[in-house]
Amino acid sequence: MRALSFLLLFWGMSNWLIAQEQFSGRLTYSIEYLEVQDDMKGVEAMLPSSIHIVTDGKSWRSEQSTKINGDYSQLYDQEKDSIFETITIGPERVKVSYRSVGKIDLEPQKKLGPKVLERNTEIRQIASSTKNGQSIIQLTDFKSIPKLFFEGLTGVPTLIEMDNAGIKMRLKLESIVSEPIDETYFILPDDYILVDTELYQSWLR
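Residues numbered from 1 in each chain as written. Predicted model: local features only at pLDDT ≥ 70, side-chain atom pairs only at ≥ 80, totals over all residues. Heavy atoms only, no water.

Bringing the overall build of the chain into the picture now. On a plain count of helices and strands, the chain comes out with three helices and 12 strands. Evaluated residue by residue, the chain yields a buried proportion of 38% over its 205 residues. When contacts within the chain are restricted to residue pairs at least 6 apart in sequence, those whose partners lie at least 24 apart make up 50%. By element, 53% of the accessible surface of the chain is carried by carbon and sulfur atoms, the whole surface being about 12200 Å². (Helix = DSSP H or I, 4+ residues; strand = E, 2+ residues; numbered from the N terminus. Buried < 20%, exposed > 50% of the residue type's maximum accessible area, 1.4 Å probe, protein only. Contact = heavy atoms within 4.5 Å. Areas by Shrake-Rupley, 256 points an atom, 1.4 Å probe, with all protein chains shown as cover.)

The next subject is the packing of aromatic side chains. A full pass over the atoms with the stated rule returns three aromatic pairs. Where tyrosine 29 meets phenylalanine 149, the ring centres are 5.2 Å apart and the plane angle is 85°; that geometry is what we call edge-to-face. Residue tyrosine 29 is found in strand β1 (residues 25-35), and its partner phenylalanine 149 is found in the loop between β9 (135-139) and β10 (157-164); the two are separated by 120 residues along the sequence. Take tyrosine 29: its relative accessible area is 0%, and that puts it in the buried class. Given a relative accessible area of 10%, phenylalanine 149 falls into the buried group. (Phe/Tyr/Trp six-rings, centres within 6.5 Å; stacked < 30°, edge-to-face > 60°.)

Turning our eyes to something else, we now look at the pattern of salt bridges. Counted under the stated rule, the structure contains 10 salt bridges. Close ionic contact of glutamate 179 with arginine 26 constitutes a salt bridge, the shortest N to O distance being 3.3 Å. With glutamate 179 in the loop between β11 (167-178) and β12 (193-194) and arginine 26 in strand β1, this pair connects stretches of sequence that are 153 residues apart. You can call arginine 26 partly exposed: its relative accessible area is 33%. In this structure, arginine 170 engages glutamate 32 in a salt bridge whose closest nitrogen and oxygen atoms are separated by 3.0 Å. (Salt bridge = Lys/Arg side-chain N within 4 Å of Asp/Glu carboxyl O.)

It is worth spelling out the pairing of β10 at this point. Here β9 pairs with β10 via two bridges, running antiparallel. Bridging across to β10, isoleucine 137 finds its partner in leucine 159. Pairing analysis gives six bridges linking β10 to β11, with the strands arranged antiparallel. Looking across to β11, one finds that isoleucine 160 is bridged to leucine 171. (Pairing = 2+ DSSP bridges.)

Take the confidence of the model for the chain next. This prediction gives the chain a mean pLDDT of 81; 76% of its residues lie at or above 70. Across the chain, element-level confidence peaks in strand β2 (residues 50-55) with a mean pLDDT of 97 and bottoms out in helix α1 (residues 2-19) with 45. Predicted confidence is poor over residues 1-18, with pLDDT under 50, and the contacts of this stretch with residues over four places away or in other chains come to two contacts. (pLDDT = per-residue confidence, 0-100.)

Among the secondary structure elements, serine 73 is positioned in strand β4 (residues 70-77). By relative accessible area, which is 6% here, serine 73 ends up buried. Here serine 73 is in contact with Arg61, Ser62, Glu63, Phe84, Glu85 and Thr86, once residues within four sequence places are set aside.

Structure below.
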């Protein structure tokens, strides 16, 4: 009897894993700023209000627009396993590869979440040792996208909080469109100057 119960449990877990598809398409998140550095207070309106992501489920490109430095993008190339950034700083259009992604640990327990864009979600608690016991909401239909937002996710997030250079923000999924994505989206532009990481970081201080 105990063996039968184990087999039924294993079968149910296997079906849940198999049900997760690799997402390919476009995601749009709104950005809400929860905390900003003292020297940036009052300029929240000039920061990006949304982030647009295109992915084939393996590689991805994100695009944001600011009123300070114009367009800003990140590109994750799965083959290189590296995130590249492109941005306009003054007269220069530059690209750099240095961005590391934070890692989180999710508790194994799952709770049913609210419907988001007519899709099912789950609520997963983030282990207190990594993120102060916060939780995230993820779509249950799709696998995680490598190194998008965090390492350690198990699905596509619909609501997630992040810290970036002293800015705390909340991202909320506003639209999701499934479609085939061509690999040409993940080619780095040639007209951007590749700059040294240390120099690039000095410009951002």
